[in-house]
Amino acid sequence: MIDVKAFGRVAVLYGGRSAEREVSLKSGAAVLEALQGAGVDAYGIDAGQDLAERLIADRPDRVFIALHGRGGEDGSLQGLLESLRLPYTGSGVLASALGMDKLRTKFVWQSLGLSTPRYEVLRNKSDCNAIFEQLGGPLIVKPVHEGSSIGMSKATTLAELEQAWDDAQQYDDQSLVEQWITGAEFTVAILDGRALPAIRLHTPHTFYDYNAKYLANDTQYLCPCGLPEDRERELADLCLAAFHAVGCKGWGRVDVMQDESGRFYLLEVNTVPGMTDHSLVPMAAKAAGMSFTDLVLAILASADY
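This one's a predicted model, so the numbers in the text were calculated from it and none came from an experiment.

**Structural notes on the overall build of the protein chain**
Counting its secondary structure elements, the protein chain contains 11 helices and 13 strands. A globule of 305 residues ought to have a C-alpha radius of gyration of about 19 Å, and the protein chain, at 19 Å, matches this closely. By its C-alpha atoms, the protein chain is 60 × 45 × 40 Å across when sized along the principal axes. Looking at the protein chain alone, contacts between residues at least 24 apart form 68% of all its contacts between residues at least 6 apart. Computed over 27 positive and 41 negative side-chain charges, the separation of the two mean positions in the protein chain equals 3 Å.

Shown next, in the form of structure tokens:
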């Protein structure tokens, strides 16, 4: 039994100024409600430019990070909290910064022989033709430093690749162009060093985009995921290896595609996953017998610096 009084006063950070602000507001509200409902002395902070001053003035005993994207998930906030000696949830500075950078995450995974799709970096629109000739189509284009599928699009022709570059440029000056993997999509939540039950995602959308993640009601979440026991164990082991390779700790989520031959491909790691009513980590926790409140308390209990 967790002694909630031992947590002291807890600040839940949410909102922020990233492109994922709206999702973060929902995550933070859900986390705050759960903590307060469990008797934790918790309060919320919509993280703005005065965040450092607020934290210095408040001196909370622990910080629950529910900030997604830049400024919350990229190591900068973690550095601030460490300099203030405030225990916080989730991964540290290095792992957070690395996990937010899809390109450098792939470098690490490739160096360890972990499977991830073929890719190129698109820095200029003039490179579209050469990249399309090298990788072929279809392709998926992603801003290097965004989450929640923001700025992502599929390209099956050179013209679509050029348009995808234009779309991604609204969010980042670098785009990752990956080989499109046709097959099943899975996500595996990690909590305290163990993999929770895998979830298979099925959407009528072109891919599991922002709308499918947070707005649509036609996305299907299959848990049990339908894999044979040995393949699900293989998937869990791959995701744990990917998570630890980046240096992540506490909790997070790893996204994976499986091609038509059955091979798994790592897509990305999320160090502060969503905690909304559409979010995947709470679904996986529920399949493992944990309530949302149990999950939130477990994450908070792992806070350190």
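**Brief notes about the domain arrangement of the protein chain**
Taken domain by domain, the protein chain comprises domain 1 (4–90), domain 2 (99–114 + 182–289) and domain 3 (119–179). Taking the mean C-alpha position of each, domain 1 and domain 3 sit 33 Å from one another.

**Points about the packing of helix H6 (residues 128–135) against helix H7 (residues 158–168)**
When two helices pack together, their arrangement is given by the angle between their axes and by how far apart the axes lie. It is the contact of H6 with H7, at a shortest axis distance of 10 Å, that shows an interaxial angle of 125°. Of the possible angle classes, the one that applies to H6 and H7 is oblique. Considering the relative orientation of H6 and H7, their crossing is right-handed. When H6 is examined against H7, the residues Cys128, Asn129 and Phe132 are found in contact with a partner set consisting of Leu158, Leu161, Glu162 and Trp165. Class assignment of the residues belonging to the contact of H6 with H7 gives a composition of 5 nonpolar, 1 polar and 1 charged.

**What to know about the pairing of strand S7 (residues 175–179)**
The buried fraction of S7 amounts to 4 of the 5 residues, a majority that puts the element mostly inside the structure. Inspection of the sheet shows strand S4 (residues 119–122) paired to S7 by 4 bridges, in the antiparallel sense. Of the residues in S7, the one forming a bridge with Glu120 is Val177.

**Some words on the sheet that holds S4**
Pairing in this open sheet of 4 strands is antiparallel, and the strands run S4-S7-S5-S6 from one edge to the other. One side of each edge strand has no neighbouring strand; the edge strands of this open sheet are S4 and strand S6 (153–155). Averaged over all adjacent pairs, the angle separating strand axes in this sheet is 30°, with direction ignored. Where strand S5 (residues 139–143) meets S6, 3 bridges bridge the pair, whose relative direction is antiparallel. Paired with Leu139 across the bridge in S6 is Ala155. Relative to the sheet, helix H5 (residues 102–111) contacts S4, S5 and S7, its axis offset from that of S4 by approximately 150°.

**A short note on the UniProt feature "binding site: Mg(2+) 2" (unreviewed entry) in the protein chain**
UniProt's feature table lists "binding site: Mg(2+) 2" (unreviewed entry) at Glu268 and Asn270, given in the numbering used throughout. On the secondary structure map, Glu268 appears in strand S13 (residues 264–270). Residue Glu268 is classed as buried on the basis of its relative accessible area of 12%. Ignoring sequence-local partners within four residues, the contact set of Glu268 consists of Lys102, Trp109, Arg253, Val254 and Asp255. One can find Asn270 in strand S13.

The rules we used
Residues numbered from 1 in each chain as written. Predicted model: local features only at pLDDT ≥ 70, side-chain atom pairs only at ≥ 80, totals over all residues. Heavy atoms only, no water. Helix = DSSP H or I, 4+ residues; strand = E, 2+ residues; numbered from the N terminus. Rg over C-alpha atoms; globule rule 2.2 N^0.38 Å. Contact = heavy atoms within 4.5 Å. Lys, Arg positive; Asp, Glu negative; His and termini not counted. Charge placed at Lys NZ, Arg CZ, Asp CG, Glu CD. Domains from an automatic or database assignment. Axes fitted to C-alpha atoms, helices over the stretch in contact; angles between N-to-C directions. Parallel < 35°, antiparallel > 145°, perpendicular 65-115°, else oblique. Left-handed = near helix turned anticlockwise from the far one by under 90°. Nonpolar A, V, L, I, M, F, W, Y, C, P; charged D, E, K, R; others polar. Buried < 20%, exposed > 50% of the residue type's maximum accessible area, 1.4 Å probe, protein only. Pairing = 2+ DSSP bridges. UniProt positions renumbered as here; feature names shortened; annotations may be inferred.

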